[in-house]
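Geometric and topological summary
Here is what each chain is made of, one letter per residue.
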There are 4 protein chains.
Amino acid sequence: MKRRICVVVTARPSYSRIRTALQAIRKHPDLELQLVVAASALLERYGNAIHSIEHDGFAIAARVYMVVEGENLVTSAKSTGLGLVELATVFDNLKPDAVVTIADRYETLANAVAASYMNIPVVHVQGGEVTGSIDEKVRHAVTKLSNIHLVSTQGAAERVRRLGEEPASVIVTGCPSIDIAAEVAASPALDFDPFEKYGGVGPRADLSRGYLVVMQHPVTTEYQEARHQVDETLYAVKDLGLPVLWFWPNVDAGSDGTSKGIRVFREKEQPENFHLFRNMYPEDFLRLLCGATAIVGNSSVAIRECSFLGVPAVNIGSRQQGRERGRNVIDVEHDRVAIAEAIRTHIRNGKPERDLLYGDGHAGDRIADCLSTIELTIEKRLTY
Amino acid sequence: MKRRICVVVTARPSYSRIRTALQAIRKHPDLELQLVVAASALLERYGNAIHSIEHDGFAIAARVYMVVEGENLVTSAKSTGLGLVELATVFDNLKPDAVVTIADRYETLANAVAASYMNIPVVHVQGGEVTGSIDEKVRHAVTKLSNIHLVSTQGAAERVRRLGEEPASVIVTGCPSIDIAAEVAASPALDFDPFEKYGGVGPRADLSRGYLVVMQHPVTTEYQEARHQVDETLYAVKDLGLPVLWFWPNVDAGSDGTSKGIRVFREKEQPENFHLFRNMYPEDFLRLLCGATAIVGNSSVAIRECSFLGVPAVNIGSRQQGRERGRNVIDVEHDRVAIAEAIRTHIRNGKPERDLLYGDGHAGDRIADCLSTIELTIEKRLTY
Amino acid sequence: MKRRICVVVTARPSYSRIRTALQAIRKHPDLELQLVVAASALLERYGNAIHSIEHDGFAIAARVYMVVEGENLVTSAKSTGLGLVELATVFDNLKPDAVVTIADRYETLANAVAASYMNIPVVHVQGGEVTGSIDEKVRHAVTKLSNIHLVSTQGAAERVRRLGEEPASVIVTGCPSIDIAAEVAASPALDFDPFEKYGGVGPRADLSRGYLVVMQHPVTTEYQEARHQVDETLYAVKDLGLPVLWFWPNVDAGSDGTSKGIRVFREKEQPENFHLFRNMYPEDFLRLLCGATAIVGNSSVAIRECSFLGVPAVNIGSRQQGRERGRNVIDVEHDRVAIAEAIRTHIRNGKPERDLLYGDGHAGDRIADCLSTIELTIEKRLTY
Amino acid sequence: MKRRICVVVTARPSYSRIRTALQAIRKHPDLELQLVVAASALLERYGNAIHSIEHDGFAIAARVYMVVEGENLVTSAKSTGLGLVELATVFDNLKPDAVVTIADRYETLANAVAASYMNIPVVHVQGGEVTGSIDEKVRHAVTKLSNIHLVSTQGAAERVRRLGEEPASVIVTGCPSIDIAAEVAASPALDFDPFEKYGGVGPRADLSRGYLVVMQHPVTTEYQEARHQVDETLYAVKDLGLPVLWFWPNVDAGSDGTSKGIRVFREKEQPENFHLFRNMYPEDFLRLLCGATAIVGNSSVAIRECSFLGVPAVNIGSRQQGRERGRNVIDVEHDRVAIAEAIRTHIRNGKPERDLLYGDGHAGDRIADCLSTIELTIEKRLTY
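Residues numbered from 1 in each chain as written. Chains lettered and ligands numbered in written order. Predicted model: local features only at pLDDT ≥ 70, side-chain atom pairs only at ≥ 80, totals over all residues.

Some thoughts on the overall build of chain A
Along its length, chain A carries 15 helices and 13 strands. Its C-alpha radius of gyration of 20 Å places chain A within 12% of the 21 Å reference for a compact globule of 384 residues. Across the 384 residues of chain A, 62% fall into the buried class. For chain A, long-range pairs separated by at least 24 residues make up 73% of all intrachain contacts whose partners lie at least 6 apart in sequence. (Helix = DSSP H or I, 4+ residues; strand = E, 2+ residues; numbered from the N terminus. Rg over C-alpha atoms; globule rule 2.2 N^0.38 Å. Buried ≥ 20, exposed ≤ 12 C-beta atoms within 10 Å, placed from the backbone. Contact = placed C-beta atoms within 7 Å.)

Encoded structure:
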């Protein structure tokens, strides 16, 4: 009998990150994919990942609305609680042989807790990394609830083992997001018109002489400062003479501060080189990055996919603190002068070399193979 | 301004374990106690800890009914989710400076998650220990969500540090349950009639020539076997010629199996030396233990308080596996012959010496002092 | 395409009441049955209706644990809220063409609200009746949320129309519980040994010279008095010289008071003619009633099925107040003298005639036919 | 002892409607106000009623985030369930003598159910009216759960009595929203600059020669058509030569369709006479209405306050169907030609006379007086 593998996708970026693994699980002869779509992955405001998922031909085993509106710290906790209540019922119906939980978003703790408590083996993808903010607590708590750890880097594997997990339960697969980057890197030319295909707000721009891509998420434990932080980035990129393609942040405590900063900036400054996008299909986004002068902000894409692609990155603030970096990253504070200066440095230096730190482009297949063969157990004990 | 310390008590045994710390917090000039009573601590079936709490004069800041009935794995997860939803609202109202979460019961993860997500520093009491079952996952996950670790033993401190926690955040206070044991040990004679004071089911017994105390909880990850396991213990103690004082297990997935085993045994065997109690005030229970020939089962009391008190213990099965032991413990499998033999060995050997492994009797005061002076922060990062 | 009819069963007595309709829906060529089992129907303490349902060969579309433990007024509300959250997800998956909700238990409001809000036509079975207690509020609120009303009596039909419902939406089908009574009435002899088949607590009794069946539920809005009320009944039946077969009440705020009363009575009085049952298959229970000297308590069975069967009934207190009665009922207060006297009156008078007030034995088929042909709409408007 | 009156406000329009009653309760010597703010009243997207409430000096007893994001039918049900779970805990803490629930929004059913089930008398304000859509089900279901009915009109009183409620429990107080209208009517001149005070999107306009106010909410049971319906109104008002002041709809299933229609219209048509507001203080809004050429859409303000103020109203579609009307209303379908024609008719006819149908301006005081003197009971029974 095929092993039933339940994967819970709760957000647009998580879907992008796991997609090649989902495809590999779906086509694997010994596995049956049970895909649950939940939380902001169902919501239009956050990019409607559900549409991409359906567009990619996946059957959806269950949908769970679980985001309690408010975008603050209280509702983060309540959303997770609501998800836990409902995912328990979902797992009780689907009876999976293993539940796969992705990375470290706050609401993913609900998957890990529900599966753990129901004696279902938990497989954690992308554990063992180090970053700032609440993600840090979530990620390592999920590790302690998980039975199998499919990590992206050697450094991550080492950290998971030091957390007391059985060495045999820790496997370096690389990150499946790099699989998509690898496909794109094979033919990196921009083969679509982003303004026409994705609409968005603001004037068109001529992208032929370079452009900046900006993606800046609020940092949960610095809630009050979200507005200030986004302002520093907005004014840093305003006068560099390059078109700015800015992407809305995903749902999180504080994103209202960030969103408001962007709106006020546009009303007040009426910038001519500034275009706002809500989201893109991952391949399109990566292709856009391939041609970018630099990526600016605090997205993990800058650290992960862009190291593989060799795209210059200016990483701002604490959100990616502790994450392993390739040669493409310059780190700066939330300071408009420093941000602008780092971009200029990248312009002077040109494109960095590609780096296999986060994977070689075959993570999806490796994850599916691993899920089909590894011993699935719920017993675990600290190794010390 | 006083620091507001919110403690969430979710079960009768947790209350017993934390009580001296609650008293020390209440009387500390720099602290304000916010006591939340939740889950099975509110339920008659599980010993109505709320009555003991009120009897001890504590003001209750909020009550949260959160146990979804069913006593199975699905409802464990759902209860935790419901608790998470509601505790978020409770913390939002109480605005504590720190939340204290106790040990490793499944529902306590709700406290730790709610407080973490709401940027409230989390203080974990009794982390770093090693046992069998789902508690293992819960305990270390709570450690990764916590900012301050007040542990019972040197071994526990070492393990918490190895889990990547800042050494300065780990403090050995001893276990507050030992504080009560120390008070009782000062005048250990049985000063009440347990049958008269606590009622219960079954005939009175003459306790003057020794007696066995039995407390056996179902082990979550061995759900199906709960019934078999309790039978082994029931038949092991049946024919030893000593009165048996048996205590009902607390709420958990599987306790119906355990409870049913006990009921069927009584109907079928009609044992004459067998009396069932629901619960006792902790001091009374410890005093009863002081005079016991042995304690039998899988309760942590046998390992912790009884090591301090020097009470012979027969520890059955995996539930306490990995927990540090004093000289008073003999470990056996779920096997009626082995259990009976271990009890006889203890009878031959007599009382073991007392052991300060789990504390010296001053943990409550140490915890309150620590809460009043330690820096409260929500930032944390893996130490490696 | 077959119409998908989703029926939500939340308790043992509700299952008994709807069973023949479920069977008729299942075998109807134009209908597909989607059976959801929830709340106390899943719990052992309340008779495990799920086992009867499976034993009767029904496929179960979803199970929803939703009873928040505590058996008080707060948890009644919370259980209903939890059910509402989860049933919304269940209906979203099952996509029924209509949802059938049964009678007036507090938690059934969750079905009616979820379906109404999701624009699914709501069919209410057994609306329009009048009783005491919170059921009164629930029943008529469900009527106002429902689109189609399949009622038991002409009086109920008249009341639903006066509540402003379209006359065409109100159909008198009779009560499906009478269908089972009609089958039993065809061969009413006791064909099983209740003590052997159902166990229970207390000595066997000789039933050949008559016996009393007692079923007394706590009355929600008189919470404090549950204990007193059960005592009156216990002492009323104690000395009548007839065996007493007492059935545990179902889950509700206050049932702990009732249960405790029963337990204390047994310990204190050690009655010899007193046997406690948890529950029986409906046919067995009705057959037991056919031979009973009288049924005593406040169960609706005494009013409904027993009017059809011609079993003498002593109805105590306010719970059935307002319900239409046949010739078999004597009403009394919670007063041990009055209760005993009413039983003696019945003994003197012998069996009353049968009465078709609540149905003629074909309600299940009528309900299924109606569901297959009636126009399903969600629009409604007060008729005045 | 003062009677504790708990009022649950769940949305901006509900707050406007109840405000004078809240003020009268607050200052009444025999009453204590317990104000709970919940649901969309806490959310920025829906006008942050909480800010107005705090600005008006009310103490807030509890805040309950309960809106599950998604704005569809499933999340309407889930939000109500979540609210029910949490309000039970809130009422358990506040221990009110009565709970006041307002009108007929879907989530208000949570208040009524929680209070009913907890044996707290329920006071319903604005029952007995007749409209289209799901509100119809909610309103009358709340009536059946309520013990006291404080209604706006004689027609409403008559309908509540026909629903089987005790005549003595039904009192015509008038609608408290009329109290504010009465204050405004005393000095109706526009004493603020709406563009300066409230910002919003779109150009300023010269209001001196008349203007239209538009407020159009999606109609729940016509979910798919929300987009079409808003388009008819948008194009109807586009070319009438009057400035259009358009207000965003409040949270409800379908409001995304409506919002999107508005956004697309603006991008495509770039209308010069079109300004979008999010919300205003009620007095400012009413004062704006006093000077309006007409109010257009499907808001109840057009029917209620505007009948008192004598403001011409064009009421579109089914949302207000069945509500009693004064002389100021012309009803039309969702048809751009008909809408434009009705506006032109009003322009020709000029201002209609004022009408006391919905109150005389003293409802708030009457409600407070009633709450302080009426017998509070939880018992009720159908009058027929």
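Some details on the domain arrangement of chain A
Taken domain by domain, chain A comprises domain 1 (3–175 + 359–373) and domain 2 (187–349). Each of domain 1 of chain A and domain 2 of chain A was reduced to a C-alpha centroid, and the two centroids are 26 Å apart. (Domains from an automatic or database assignment.)

Focus on the relation of the copies chain A and chain C
With an RMSD of 0.0 Å, chain A superimposes on chain C once it is rotated by 180 degrees and translated 0.1 Å along the axis. On this basis, the relationship between the two copies can be described by a two-fold rotation axis. Residue Glu86 of chain A of chain A places its C-alpha closer to the rotation axis than any other residue of that unit, at 3.4 Å. Most of the interface of chain A is mirrored in chain C: 100% of its interface residues are interface residues there too. (Least-squares fit on C-alpha atoms with pLDDT ≥ 70 in both.)

Details of the sheet that holds strand β12 (residues 313–316) of chain B
Residues and elements named next belong to chain B. Spatial ordering of the open sheet is given by β10-β9-β8-β11-β12-β13, a layout of six strands whose pairing is parallel. A strand with exactly one partner marks an edge of an open sheet, and here the two such strands are β10 (274–277) and β13 (329–332). Within the sheet, the average angular offset between the axes of one strand and its neighbour, ignoring direction, is 20 degrees. Here strand β11 (residues 294–297) pairs with β12 via three bridges, running parallel. Paired with Gly297 across the two strands is Asn315, which belongs to β12. Taken strand by strand, helix α14 (residues 336–349) contacts β8 (212–215), β11, β12 and β13, and its axis lies near 165 degrees from that of β13. (Pairing = 2+ DSSP bridges. Axes fitted to C-alpha atoms, helices over the stretch in contact; angles between N-to-C directions.)

Let's talk about the interface of chain B and chain A
Listed by partner, the interface residues are 40 residues for chain B and 40 residues for chain A. For the side of chain B that touches chain A, the secondary structure elements donating two or more residues are α3 (73–94), α4 (108–117), α5 (134–145) and α6 (154–162) of chain B. Among the elements that make up the side of chain B that touches chain A, the one with the highest residue count is α3 of chain B (12 residues). Among the residues forming the side of chain B that touches chain A, the class breakdown is 21 nonpolar, nine polar and 10 charged. (Nonpolar A, V, L, I, M, F, W, Y, C, P; charged D, E, K, R; others polar.)

Quick word on the environment of Glu225 of chain C
With respect to the element layout, Glu225 of chain C can be found in the loop between β8 (212–215) and α9 (226–238). Distance from Glu225 of chain C to Gly257 of chain C, taken between C-alpha atoms, is 8.1 Å for residues 32 residues apart in sequence.

A word on the interface of chain A and chain C
Taken residue by residue, the interface counts eight residues in chain A and eight residues in chain C. When residues of the side of chain A that touches chain C are traced back to their parent elements, those giving at least two are β3 (62–64) and α3 (73–94) of chain A. Tallying contributions element by element places α3 of chain A first for the side of chain A that touches chain C, with five residues. Tallied by class, the residues present in the side of chain A that touches chain C amount to three nonpolar, two polar and three charged.

Observations regarding the sheet that holds strand β1 (residues 3–9) of chain B
Residues and elements named next belong to chain B. Strands sit in the order β3-β2-β1-β4-β5-β6-β7 across an open sheet of seven strands; the sheet is parallel. Strands with a single pairing partner mark the edges of an open sheet, and in this sheet they are β3 (62–64) and β7 (170–172). Here the average twist between neighbouring strands, direction ignored, is 20 degrees. Bridging between β1 and strand β4 (residues 98–102) involves three bridges; their strand directions are parallel. The residue of β4 that forms the bridge with Val7 is Val100.

Section: the environment of Ser307 of chain A
Residues and elements named next belong to chain A. Checked against the element boundaries, Ser307 lands in helix α13 (residues 305–309). Judged by the 27 C-beta atoms lying within 10 Å of it, Ser307 falls in the buried class. For the pair Ser307 and Val329, spaced 22 residues apart in the sequence, the C-alpha separation amounts to 7.9 Å. Residues within four places of Ser307 in sequence aside, it is in contact with Gly326, Asn328, Asp355, Leu357 and Tyr358.

Side note on the pairing of strand β11 (residues 294–297) of chain C
All names here are of chain C. Burial along β11 is two-sided: Ala294 and Val296 facing one way and Ile295 and Gly297 facing the other are all buried. Both β8 and β11 contribute to a ladder of four bridges, which runs parallel. Across the sheet, residue Val214 finds its bridge partner in β11, namely Val296.

Digging into the pairing of strand β6 (residues 148–151) of chain C
Residues and elements named next belong to chain C. Judged by which residues are buried, β6 turns out to be covered on both faces: Ile148 and Leu150 on one side and His149 and Val151 on the other are all buried. With three bridges joining them, strand β5 (residues 122–125) and β6 adopt parallel strand pairing. Of the residues in β6, the one forming a bridge with Val125 is Leu150. Inspection of the sheet shows β6 paired to strand β7 (residues 170–172) by three bridges, in the parallel sense. Within the sheet, the bridge partner assigned to His149 lies in β7 and is Val170. One crossover worth recording links β6 to the parallel β7 by way of helix α6 (residues 154–162), and it is right-handed. (Right-handed = clockwise from strand over helix to strand, strands pointing away.)

What about the relation of the copies chain B and chain A?
The transform that puts chain B on chain A rotates by 180 degrees and translates by 0.0 Å along the axis, for an RMSD of 0.1 Å. Both copies contact each other with a shared surface, as 100% of the interface residues of chain B are interface residues in chain A too.

Topic: the packing of helix α7 (residues 176–186) of chain A against helix α15 (residues 363–373) of chain A
All names here are of chain A. Here α7 crosses α15 at 140 degrees, and the two axes come no closer than 7 Å. Residues Pro176, Ile178 and Asp179 of α7 pack against Ala363, Gly364 and Ile367 of α15. Residues belonging to the contact of α7 with α15 are distributed by class as follows: four nonpolar, one polar and one charged.

Here we look at the confidence of the model for chain A
Detailed reading of predicted coordinates is not advised where the pLDDT is low. Put simply, chain A has an average pLDDT of 93, and 96% of its residues get 70 or more. Overall fold confidence for the complex sits at a pTM of 0.86, while the interface term, ipTM, reaches 0.86. (pLDDT = per-residue confidence, 0-100.)

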